[in-house]
Every structure is written in structure tokens, then in C-alpha cells.
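As a plain string of letters, each chain reads:
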Amino acid sequence: MSTPDKNLNLQKDALMAAQCEVIYDDVASGTNAERPGLNKALEYVRAGDVLIVWKLDRLGRSLTDLVSTVNRLNAEGKGFKCLDQSFDTTTPPGKLIFQMFAALAEFERNIIRERTLAGLAAARARGRLGGRKPKMTADDIRLARILMDDLTIPLGDIAHKFQVSVKTLRRAVNRTPSGPPIPPRGPGRKSLRGH
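Below is a short write-up of the structure. (Residues numbered from 1 in each chain as written. Predicted model: local features only at pLDDT ≥ 70, side-chain atom pairs only at ≥ 80, totals over all residues. Heavy atoms only, no water.)

### Side note on the pattern of salt bridges
Applying the stated criterion across every chain yields a total of five salt bridges. By sharing partners, the salt bridges in this structure join Arg72, Glu76 and Lys78 into a single network. (Salt bridge = Lys/Arg side-chain N within 4 Å of Asp/Glu carboxyl O.)

Following this line, the structure appears as C-alpha cells:
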């Protein structure tokens, strides 16, 4: 695999010295960058083969990503070796080190989860609820109820007034406890918008 900088010679030399049969490379940066070379390498490796990378960050952009990919390789009967860190899952010490990595990744996931839950609880305690801002305010919903009581006004026109879909209009009105749910209107009622 490669590095964001344009000089891949050092890495390619190390991979060739390790007797790699096929070398794939990517020149990309950032955690979300597409990595077609890595994807091709993962597809190419067969059971019994060993995927060799120059550095661990060439296989995964995070510890969780790395552990997930190595787990997948192991499950498929494929080995993994990193030249820079002398890491090799085909050896007992390499398997032990990988198990430590997996434990650290699990620990990291648990910490992130706990922080997220604590942050959500703190936000709720301050009266902030997560999620998207409602498309209709309480005043909009009250007005929509009044308009919807008049069966001569098509729902499409009412929804258009509030710049929402009919489905969103119904959902907003029916979620508000200020009155009974709005029953569906009969078929054949057409919109008067534009007339």
C-alpha cells in the first residue's frame, strides 16, 4: 500500500524485498478517502496468502478499522504482515499482539459510546433533544389543524402553505396532543393550487 506523498519508492522497495508477488498502491489522504488499491489487494489475496503492508495505517485509518480488516482476513484464512512494525498474524507473537489490538479497539469503542451517551444525557438535562429540527412549529400545527377542519381546502394546498409534504403535515398534526388525529380525507379531492 502507499502513502499520501508522491514518493512510493521506499515502500515499494521494502515490499519487493519481502518478496511480494503483486504490489497495489494508493495515493490519497484523509480518513474517508477512497482506497481502490487496498480494495484490489483485499480482493486479490486468497486463503493461505499473506497480505503485506509497509505500515499499519496502510491497512486501516483507525484502530477499529484495522482490527475489522485483520479479523476479516483471519476469518478467510489469510495472514497479515506489517513490515515497519514487524507485525505478523501468521506467528504466535503476532496473533498475541493482534489480540491486544482488538482489546484496545473494543475499549476505544466503549469509551466513545459512554461519552456519547453522557453527552446526550447532559443535552437532555438542558432541555435539548437530539435529531432534526421539526419542519413545523407549534403555531404552524395549530393553524394547519384549523385549515384541515375545513374539508373544502385540499391537504396538498395546506402542505404547500407550510412547505412540507402531505405525509409530513399529517405526521406533525397527529403527533401534537392538541386535538384528535386528523382522519384521512376521501379519494378524489384535488388540489386547487395554481388556480
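### Examining the pairing of strand β1 (residues 50-53)
As judged from the four bridges shared by β1 and strand β2 (residues 79-82), these two strands associate in the parallel manner. Following the sheet pairing, Ile52 is matched in β2 by Lys81. Taken together, β1, helix α3 (residues 63-75) and β2 constitute a β-α-β crossover, and its handedness is right-handed. (Pairing = 2+ DSSP bridges. Helix = DSSP H or I, 4+ residues; strand = E, 2+ residues; numbered from the N terminus. Right-handed = clockwise from strand over helix to strand, strands pointing away.)

### A word on the sheet that holds strand β3 (residues 87-88)
Overall, mixed pairing links the three strands, which are arranged β1-β2-β3 in an open sheet. The strands lining the two open edges of the sheet, one partner per strand, are β1 and β3. In this sheet, β3 lies alongside β2 in antiparallel orientation, the contact comprising two bridges. Bridge pairing in β3 places Lys81 opposite Asp88.

### Remarks on the layout of surface pockets
Estimates place the volume of the largest pocket at around 440 Å³. Lining the largest pocket are 14 residues, with Lys133, Pro134, Lys135, Met136 and Arg175 sitting closest to its centre. Only α5 (138-149) and α7 (166-175) provide two or more residues apiece to the lining of the largest pocket. At four residues, the largest contribution of residues to the lining of the largest pocket is made by α7. Tallied by class, residues from the lining of the largest pocket come to six nonpolar, three polar and five charged. Here the second largest pocket is characterised by a volume of approximately 340 Å³. Cys20, Glu21, Val22, Tyr44 and Val50 are the residues nearest the centre of the second largest pocket, which is lined by 16 residues in total. Those elements giving two or more residues to the lining of the second largest pocket turn out to be α2 (36-44) and β1. Looking at side-chain class alone, the lining of the second largest pocket contains 13 nonpolar, one polar and two charged residues. (1 Å grid on protein atoms, 1.4 Å probe; cavity = no way out; pocket = protein on both sides within 12 Å on 5 of 7 lines; lining within 4 Å. Points joined across faces, edges and corners; volume = space filled by probe spheres on them. Nonpolar A, V, L, I, M, F, W, Y, C, P; charged D, E, K, R; others polar.)

### Overview of the packing of α5 against α7
Packing of α5 against α7 leaves a shortest axis separation of 10 Å and a crossing angle of 105°. Here α7 runs roughly perpendicular to α5, going by the angle between their axes. Judged by residue contacts, Ile141, Ala144, Arg145 and Met148 of α5 engage Leu169, Ala172 and Val173 from α7. Here the contact of α5 with α7 is built from residues that sort into six nonpolar, no polar and one charged. (Axes fitted to C-alpha atoms, helices over the stretch in contact; angles between N-to-C directions. Parallel < 35°, antiparallel > 145°, perpendicular 65-115°, else oblique. Contact = heavy atoms within 4.5 Å.)

### A look at unusual backbone geometry
Phi at Gln19 is positive, roughly 65°, even though this residue is not glycine. Looking at the secondary structure, you find Gln19 in the loop between α1 (9-17) and α2. A positive phi angle, close to 55°, is found at Gln163, a residue other than glycine. Checked against the element boundaries, Gln163 lands in the loop between α6 (155-161) and α7.

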